[in-house]
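Take a look at the letters that make up each chain.
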Amino acid sequence: EYEFVMQWGERRWVVRRRYREFSALDTALDETLPESVQLPPFPQKSTFGRMSPSLVRTRRMELQRYLRAVLSDNDLSVLNQVRRFCKMPEGCNEAAVEVPWEQWKQQRETDPSQTQTSSENRTQQG
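Throughout this description, residue numbers start from 1 for each chain and increase along the sequence as written. In keeping with the predicted nature of the model, local features appear solely for residues at pLDDT of at least 70, side-chain atom pairs appear and are counted solely at 80 or more, and the whole-chain, interface and lining totals rest on all residues. By convention in this description, side-chain values take in all heavy atoms of the structure and omit both hydrogens and water.

Enquirer: Got a minute to help me understand the environment of Tyr 66 in this structure?
Expert: With respect to the helices, strands and loops of the structure, Tyr 66 is situated in helix α2 (residues 53–72). Exposed residues in this analysis have more than 50% of their type's maximum accessible area, buried residues have under 20%, and partly exposed residues fall in between, with area computed by a 1.4 Å probe over protein chains only. Classification of Tyr 66 by relative accessible area gives buried; the value is 1%. Distance in space between the C-alpha atoms of Tyr 66 and Pro 43 is 7.8 Å, their sequence separation being 23 residues. Any two residues whose heavy atoms approach within 4.5 Å at even a single point are treated as in contact. Apart from residues no more than four positions distant in its own chain, Tyr 66 is found in contact with Phe 22, Asp 26, Leu 29, Pro 40, Pro 41, Phe 42 and Pro 43. Whenever a nitrogen or oxygen atom comes within 3.5 Å of another N or O atom, the pair is scored as a polar contact, on the condition that within protein one atom can donate a hydrogen and the other can accept it, and that pairs from neighbouring residues in sequence are kept only if both atoms are in side chains. One polar contact links Tyr 66 to Asp 26, side chain to side chain, over a distance of 2.8 Å. Secondary structure follows DSSP: runs of H or I at least 4 residues long count as helices, runs of E at least 2 residues long count as strands, and numbering of each begins at the N terminus.

Enquirer: What should I look at first to understand α2 in this one?
Expert: Note that an α-helix has 3.6 residues per turn; residues three or four places apart therefore point the same way. By this rule, a helix spans an expected 1.5 Å times one less than how many residues it contains. The first and last C-alpha atoms of α2 sit 28 Å apart over 20 residues, in line with the 28 Å expected at 1.5 Å per residue. Looking only at α2, the buried set comprises Leu 55, Arg 59, Arg 60, Leu 63, Gln 64, Tyr 66, Leu 67, Val 70 and Leu 71. Down the axis, α2 shows its buried residues gathered within 170° of arc, on one side only. Of the exposed residues in α2, those oriented more than 90 degrees away from the buried face are Arg 65 and Ser 72. What the arc covers is the set of directions going from the helix axis to the C-beta atoms.

Taken by themselves, the reported measurements are silent on function.
Here it is in structure tokens:
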């Protein structure tokens, strides 16, 4: 499972997704979009060293790069599949961005109250 931090204005939330969920998003976008719209390169699945720390770190960076490319594309970032995948809150628009992992991790270590998980957000809203 990979954690990504999304930001919209001052609001931040954590999205947890598995590799297969990223792959499903990529497939859904590929099937939905016209051929003229190019998707960013999707990280390939590796069968060797599945859970090695270096593979996890490398894959997280590749998935971050993929997600940033999707979110920075005006045609892709507004699609419902992308909005659901990123758990964008009601009223959130294409200005939502993925926060660099290292930056979020450092902020979380110094002040854990600064970032809420999506489940914490649901608890507070409900």
